[in-house]
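# Chains, contacts and geometry: an overview
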Amino acid sequence: MSLEMEMRYRTIQQRIEAACARSGRDPAAVTLVAVSKTYPREHVDALAQLGCRVFGESRIQEAAQKIPLCTSGLAWHGIGHLQRNKAAVAVELFSRLHSIDSLRLLERVEACAADAGQKIQACLEVNVSGESSKYGFAPEEVPAVLEFLPQLRYVHIDGLMTIAPFVADPEDSRTHFRRLRELRDAWVADSGWPLDELSMGMSNDLEVAIEEGATMIRVGTALFGPRPKPGEAI
Ligand SMILES: *Cc1c(COP(=O)(O)O)cnc(C)c1O
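Think of each chain on its own: its residues are numbered from 1, step by step along the sequence as written. pLDDT decides what is reported in this predicted model: residues at 70 or higher carry local features, side-chain atom pairs at 80 or more are listed and counted, and totals for whole chains, interfaces and linings draw on all residues regardless. Side-chain calculation: all heavy atoms of the structure are included, whereas hydrogens and water are not.

### So, the site of the ligand
Selection rule: We call a residue near a given molecule or strand whenever any one of its heavy atoms falls within 4 Å of it. The definition of a polar contact used here is a pair of N or O atoms within 3.5 Å, where within protein one atom must be able to donate a hydrogen and the other to accept one, and adjacent residues in sequence count solely through side-chain atom pairs. Surface accessibility follows the Shrake-Rupley procedure with a 1.4 Å probe radius. Residue values consider only the protein chains on display as shielding. Here a cavity means grid points, on a 1 Å grid over the protein atoms only, where a 1.4 Å probe fits yet cannot get out; a pocket means an open set of points with protein on both sides within 12 Å along at least five of seven lines; lining residues are those with an atom within 4 Å of a point. Whether a molecule sits in a cavity or pocket is decided by its atoms, more than half of which must lie within 2 Å of the grid points. Only Asp, Glu, Lys and Arg are considered charged in this grouping, and only Ala, Val, Leu, Ile, Met, Phe, Trp, Tyr, Cys and Pro are considered nonpolar; every other residue, Gly among them, is considered polar.
All residues adjacent to the ligand are Val35, Lys37, Ile79, Ile163, Met202, Ser203, Arg218, Val219, Gly220, Thr221 and Arg227. In the model, an oxygen atom of the ligand is placed 2.5 Å from a nitrogen or oxygen of the serine 203 side chain. Within the contact set of the ligand, a nitrogen atom lies 2.9 Å away from a side-chain nitrogen or oxygen of arginine 218. For the ligand, the accessible surface in isolation is 390 Å², of which the surrounding protein chains cover 86%. Comparing atom positions with the cavity grids shows the ligand to sit within the largest pocket. When the residues that make up the shell around the ligand are grouped by side-chain class, the tally is five nonpolar, three polar and three charged.

Here it is, written out as structure tokens:
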């Protein structure tokens with residue numbers, strides 16, 4: 001398992017470096033978030049051993065069980081839709097949330113972070129493609145959210161996240177990633193609020209995302225191998 005993991009990790013690093021070389025970017029400006037949801041702690045520990053430091057989980061219950069068992073000193077990010085009644089646990093588990101997708105959730109996370117005396121970084125999730133199945137703010141909702149941000153004391157919104165529709169050809173994701181970057185540039189110019197982070201790109205489309213400015217890519221299966229089905233022993 002470790003040798004395969006090492007080969008997959010090196011391959012991802014090479015893909016990141018190649019995409020950065022093509023677009024004149026510094027690989028150090030792209031954070032690999034290893035999405036370990038559904039994989040056991042042994043996989044996390046093996047990847048941590050190879051030098052990977054940032055991991056992402058999407059289900060709170062799974063994360064709460066797994067994280068305390070894993071190598072210490074890793075950064076854990078929450079990447080999936082978060083229910084408001086799980087916000088307090090999320091604040092304890094994660095140093096960053098990628099997927100703030102409503103004002104009510106943002107207010108709840110701020111309240112929980114204040115209660116815990118714990119600051120947290122976060123991205124606003126934007127539904128760029130307009131798919132009704134997707135969470136996230138509609139682009140037209142975001143300017144009002146940005147106006148609200150200076151009131152927050154504990155949640156520091158410093159970027160945007162999007163999930164492109166699943167497509168066979170990663171090139172088809174490019175318009176969505178480019179759109180997120182262009183929206184970001186316009187919102188920063190209008191609001192004066194810095195949004196340096198762009199969380200976009202996954203296993204199949206990370207090159208395109210990097211070429212369009214991703215600063216965080218969320219990669220699961222390309223690092224850990226085929227994802228076990230729910231309930232399946234690993
Ligand atoms: C599962 C997941 C990923 C990783 O997907 P892969 O295709 O396995 O790389 C990335 N982002 C989010 C929000 C996810 O839920």
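### Describing the pattern of salt bridges
Using the following cut-off: Basic side-chain nitrogens of Lys or Arg form a salt bridge, by our definition, when they fall within 4 Å of a carboxyl oxygen of Asp or Glu. Counting from the N terminus, the helices are DSSP H or I runs at least four residues long and the strands are E runs at least two residues long. A simple rule labels every residue: compare its accessible area, found with a 1.4 Å probe on the protein chains alone, to the largest value its type can have, and call it buried under 20%, exposed over 50%, or partly exposed in between.
In total, this model carries 16 salt bridges according to the counting rule given. For the salt bridge of aspartate 45 with arginine 41, the shortest nitrogen-to-oxygen distance reads 3.4 Å. One end of the pair, aspartate 45, and the other, arginine 41, are both in helix H2 (residues 41-49), four residues apart, so they sit about a helical turn from each other. Residue classification places aspartate 45 among the buried positions, given a relative accessible area of 18%. The shortest N-O distance in the salt bridge between glutamate 131 and lysine 134 comes to 2.4 Å. When salt bridges that share partners are traced, they join Arg22, Glu171, Arg174, Arg178, Arg181, Glu211 and Glu212 into one network.

### What about the environment of asparagine 85?
Looking at the element boundaries, asparagine 85 is found in the loop between strand S3 (75-78) and helix H4 (87-93). What makes asparagine 85 exposed here is its relative accessible area of 62%. Each C-alpha atom, one on asparagine 85 and one on valine 109, is 9.7 Å from the other, the two residues being 24 residues apart in sequence.

### Description of empty space enclosed by the protein
For clarity, the threshold we go by: Grid points are joined across faces, edges and corners, and a volume is the space filled by probe spheres set on the points.
Tallying each qualifying case throughout the model produces one cavity of 30 Å³ or more. Approximately 70 Å³ is the volume found for the largest cavity. Glu57, Ser58, Ile60, Gly78, Ile79, Gly80, His81, Leu82, Phe94, Leu97, Ser99 and Ile100 are the residues that line the largest cavity. No other element matches strand S4 (residues 96-100), which puts three residues into the lining of the largest cavity. Here the lining of the largest cavity is built from residues that sort into six nonpolar, five polar and one charged.

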